[in-house]
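Structural features, examined
Residue-level listing of the chains:
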Amino acid sequence: MIIQPKTRGFICTTAHPEGCASQVQRQIDYVTSQPAIEGPRNVLVVGASTGYGLASRIVSSFAAGANTVGVYFDKAAEGARTASAGWYNSAAFEEAAAKAGRKSYSIVGDAFSDEIKAKTIDLIRTELGQIDLVIYSVASPRRTHPKTGEVFSSVIKPLGGTYTNKTVNFHNGEVTTATIEPATEDELRQTIAVMGGEDWQMWIDELGRAGALAEGATTVAYSYIGPEITHAVYREGTIGAAKNDLEATAHRLNAQLGTNGGRAFVSVNKALVTQSSSAIPVVPLYISALYKVMKEQGIHEGCIEQMYRLFAERLYGQSETLVDEKGLIRVDDWEMRPEIQAEVAKLWAELTTENVYELSDLEGYRREFFQLFGFQTDGINYEADTNPDVAIPNLR
Ligand code: NAD
């Protein structure tokens, strides 16, 4: 079939297998052009098919030479429907890993469930023995609690007061004002249940109980802080409360794993175009302004550059991992440089529909958005008949 992008708001409902494969290869090429990392041997990535999780898996496999297990929630092609981007990304990753002589396995299903945890642990015990790095990179709008069956939904809302700021429709460049009403107590509780640390803790507990964690194992989850302009809706809103919970979990896990020489961290990463971040109001416009400034200064990074730096310079580069006063790893350090933030704030004040392409990198944002689904990628013939049915090698 001829596969073209079909968008609904910030969602693209189609994905292109060859475009996704090319995006994965580009990340592999970047990593293999960098110095190798003396790092983990066996890595579990929960949320491994797109964004930061996929990049973490690529760095583990292609920079550190590790075996990997990826857990993710993606769909195969069916009838006239293409598979999801994460499915095609993972198929391409698995194929490249096999060619490079690394073991890699995929488990597709709900990471929040007991069933998928048990299945993953069985696989680890059979194929790899133990894991020495667990990356937790799940971003989800919903979670079914494995013990109570309660279904939680996360919302991106401020707490206490109404939030109003600029936002952009990144498809047509229209800059408007978004107003978001504050969350209720229950929405806050549910968002923490989805995006907080409970599920991460459950994974580590289960892995530990099964003897699937190596001595000295490390675990890392990802967070975001960001600029003043998004604080009320992000860091001080419902998602920020969930991230506070995630960070508190890291402290607990650090003590828990520490008894066996292990470590737990939250890494604060840069704002980047991913399927999750495009769903947050205001953030796409901020990212567009940020991209413009960071590209002009020659310090722009994507997911793969961020994750390579996390592994090479923080987790495995030094005898001790560099953290801030709250114990957080900061690979958002370049984004948060005062001169970068001052420049973005200046642009922010001036941004309108009329000047958005001139004052921000909205074009770059949009291209990256489509590239997440394998579109707008050089070297791909989008007019060619393409088979959407792609198998994932080593799918368990
Ligand atoms: P993403 O949407 O690209 O990836 C999410 C991953 O989670 C996918 O692999 C998806 O398959 C998986 N997933 C979702 N629900 C699942 C489920 N029930 N079971 C198994 N897998 C499931 O997201 P991302 O932007 O890479 O976010 C990953 C983490 O990084 C999040 O914690 C996010 O807050 C954090 N982060 C993102 C940014 C950003 O700008 N994108 C910045 C800093 C930190």
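See the structure above.
Bear in mind that the values here come from a model prediction, so they are computed numbers and not experimental data.

Thresholds, definitions, all that
Residues numbered from 1 in each chain as written. Predicted model: local features only at pLDDT ≥ 70, side-chain atom pairs only at ≥ 80, totals over all residues. Heavy atoms only, no water. Core = buried A, V, L, I, M, F, W, Y, C linked by side-chain atoms within 4.5 Å. Buried < 20%, exposed > 50% of the residue type's maximum accessible area, 1.4 Å probe, protein only. Helix = DSSP H or I, 4+ residues; strand = E, 2+ residues; numbered from the N terminus. Contact = heavy atoms within 4.5 Å. Polar contact = N/O pair within 3.5 Å; in protein donor to acceptor, adjacent residues only side chain to side chain. Near = heavy atom within 4 Å. Areas by Shrake-Rupley, 256 points an atom, 1.4 Å probe, with all protein chains shown as cover. Right-handed = clockwise from strand over helix to strand, strands pointing away. Axes fitted to C-alpha atoms, helices over the stretch in contact; angles between N-to-C directions. Parallel < 35°, antiparallel > 145°, perpendicular 65-115°, else oblique. Left-handed = near helix turned anticlockwise from the far one by under 90°. Nonpolar A, V, L, I, M, F, W, Y, C, P; charged D, E, K, R; others polar.

**Quick word on the nonpolar core**
I58 and V59 are the most contacted members of the largest nonpolar core, which has 90 residues in total. Counting residues per element, this core draws most heavily on helix 9 (residues 283-296), at 9 residues. Sequence-distant contacts of V59, that is, excluding residues within four places in its chain, are made with V31, I37, A64, I304, M307, Y308 and F311. Within the second largest apolar cluster, 33 residues are counted, among which are A111, I121, Y136 and L213.

**Digging into the side chain of R57**
Structurally, the position occupied by R57 is in helix 2 (residues 51-62). Of note is the side chain of R57, whose polar atom sits 3.0 Å from the side chain of T68. The contacts of R57, once residues within four sequence positions are left out, are V45, A48, T68, V69, G70, Y72, F93, E94, S104, Y105 and S106.

**Thoughts on the site of the ligand**
Neighbouring residues of the ligand: 29 residues in total, closest S49, A111, K243, T274 and S276. F73 places a polar main-chain atom, nitrogen or oxygen, 3.2 Å from an oxygen atom of the ligand. Between G109 and the ligand, the recorded distance is 3.4 Å, taken from a backbone N or O atom to a nitrogen atom. For the ligand, whose unbound accessible area comes to 840 Å², protein coverage reaches 92%. Within the residue set of the shell around the ligand, elements represented by two or more residues are helix 2 and strand 11 (213-223).

**Structural notes on the pairing of strand 3 (residues 42-46)**
Of all 5 residues in strand 3, 5 are buried, a share of seventy percent or more. The alternating pattern of strand 3 places N42, L44 and V46 on one face and V43 and V45 on the opposite face, and all of these are buried. Handedness of the strand 3-helix 2-strand 4 (residues 67-72) crossover: right-handed.

**Quick look at unusual backbone geometry**
Positive phi values are uncommon outside glycine, yet Q376 reaches one of about 50°. Along the chain, Q376 falls in the segment after helix 13 (362-371). Under the relative-accessibility criterion, Q376 is labelled partly exposed at 42%. Its identity as a non-glycine residue notwithstanding, N394 has a phi of 65°, on the positive side.

**Here's the deal with the packing of helix 1 (residues 17-32) against helix 3 (residues 85-99)**
Relative to each other, helix 1 and helix 3 sit at 50°, their axes nearing to 8 Å. Here helix 1 lies oblique to helix 3, going by the angle between them. Considering only the axes of helix 1 and helix 3, their crossing is right-handed. Judged by residue contacts, P17, C20, A21, V24 and I28 of helix 1 engage A85, Y88, N89, A92, F93 and A96 from helix 3. Looking at the contact of helix 1 with helix 3 residue by residue, the class counts come to 10 nonpolar, 1 polar and no charged.

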